[in-house]
Amino acid sequence: MNEQAPEPQGQAGPEEERKPVVFAVRIDPVLREQIEGLRGITEQSVNDVGVEALNDWVTKMLGDEAISQKAMAELDAEERRLQERRSAIAGILGQTITSPEVSTEDAPRRSSITSRRGKSQPGS
């Protein structure tokens, strides 16, 4: 599949319309003939047919509990990797990071960074 990424832009406000991007797929010639035949009958463009099919697929995937569980597991694994990296960098800098276990519904998580001598660093 080829995908043309949109040009990087500044922060887009909610009122600013998003511009469509090209998303091309390779399909079997027989399927292509079937699509062209049906498209001619329905008078839909190839783009309309493709967008409809992809929207249906995304909706199906978002409703799949197994996909949701996998996504959450990947987020948890990424969070663990980031915490390990943070600890490793703090160790290199001779600092310890203590972060209380706070749920995301509570106040924002804050880390207190202390030097080897136990003095708080500015900004913590």
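K.L.:
For this particular structure, what's the right way to read the overall build of the protein chain?
P.N.:
Counting its regular elements, the protein chain contains 3 helices and 4 strands. Tracing the protein chain from N to C terminus, the helices and strands come up as β-β-α-α-α-β-β. Counting over 124 residues, the protein chain shows a buried share of 3%. Across the protein chain, every contact between residues at least 6 apart in sequence was considered, and the portion connecting residues at least 24 apart equals 11%. Working note: accessible area of the protein chain is about 11,500 Å², and carbon and sulfur atoms make up 54% of it.

K.L.:
It is not clear to me how unusual backbone geometry should be interpreted in this structure. Could you clarify?
P.N.:
Leave glycine aside and you will find that most residues have negative phi; peptide bonds, for their part, are mostly trans. The phi dihedral of glutamate 43 is positive, around 60°, even though this residue is not glycine. Turning to its location among the elements, glutamate 43 is positioned in the loop between α1 (29-42) and α2 (46-62). Classification of glutamate 43 as exposed rests on a relative accessible area of 73%.

K.L.:
Which parts of the structure should I look at to understand the pattern of salt bridges?
P.N.:
Once their charged atoms are close, side chains differing in charge can pair, the charge on each being opposite to the other. Scanning the entire structure with this criterion turns up 3 salt bridges. For glutamate 36, the salt bridge identified is with arginine 32, shortest N-O distance 3.3 Å. One end of the pair, glutamate 36, and the other, arginine 32, are both in helix α1, 4 residues apart, so they sit about a helical turn from each other. Judged by relative accessible area, arginine 32 falls into the partly exposed class, the value being 45%. Among the ionic pairs, glutamate 36 bridges to arginine 39, the shortest N-O distance being 3.0 Å. One end of the pair is glutamate 36 and the other is arginine 39, both in helix α1 and 3 residues apart, which spans about a single turn. Among the residues examined, glutamate 36 registers a relative accessible area of 26% and is labelled partly exposed. Bridged by salt links that share partners, the residues Arg32, Glu36 and Arg39 form one connected network.

K.L.:
Explanation requested: helix α3 (residues 65-92) in the structure shown.
P.N.:
Side chains three or four residues apart in an α-helix point the same way, a direct result of the helix having 3.6 residues per turn. With 28 residues, α3 extends 41 Å between its outermost C-alpha atoms, agreeing within 8% with the 40 Å of an ideal straight helix rising 1.5 Å per residue. Two or three places before alanine 66, at the start of α3, stands the capping residue aspartate 64, its side-chain oxygen 2.8 Å from that residue's backbone nitrogen.

Each value, and the rule that gives it
- Residues numbered from 1 in each chain as written.
- Predicted model: local features only at pLDDT ≥ 70, side-chain atom pairs only at ≥ 80, totals over all residues.
- Heavy atoms only, no water.
- Helix = DSSP H or I, 4+ residues; strand = E, 2+ residues; numbered from the N terminus.
- Buried < 20%, exposed > 50% of the residue type's maximum accessible area, 1.4 Å probe, protein only.
- Contact = heavy atoms within 4.5 Å.
- Areas by Shrake-Rupley, 256 points an atom, 1.4 Å probe, with all protein chains shown as cover.
- Salt bridge = Lys/Arg side-chain N within 4 Å of Asp/Glu carboxyl O.
- Expected span 1.5 Å × (residues − 1).
- Polar contact = N/O pair within 3.5 Å; in protein donor to acceptor, adjacent residues only side chain to side chain.

Purely geometric numbers; function is a separate question.
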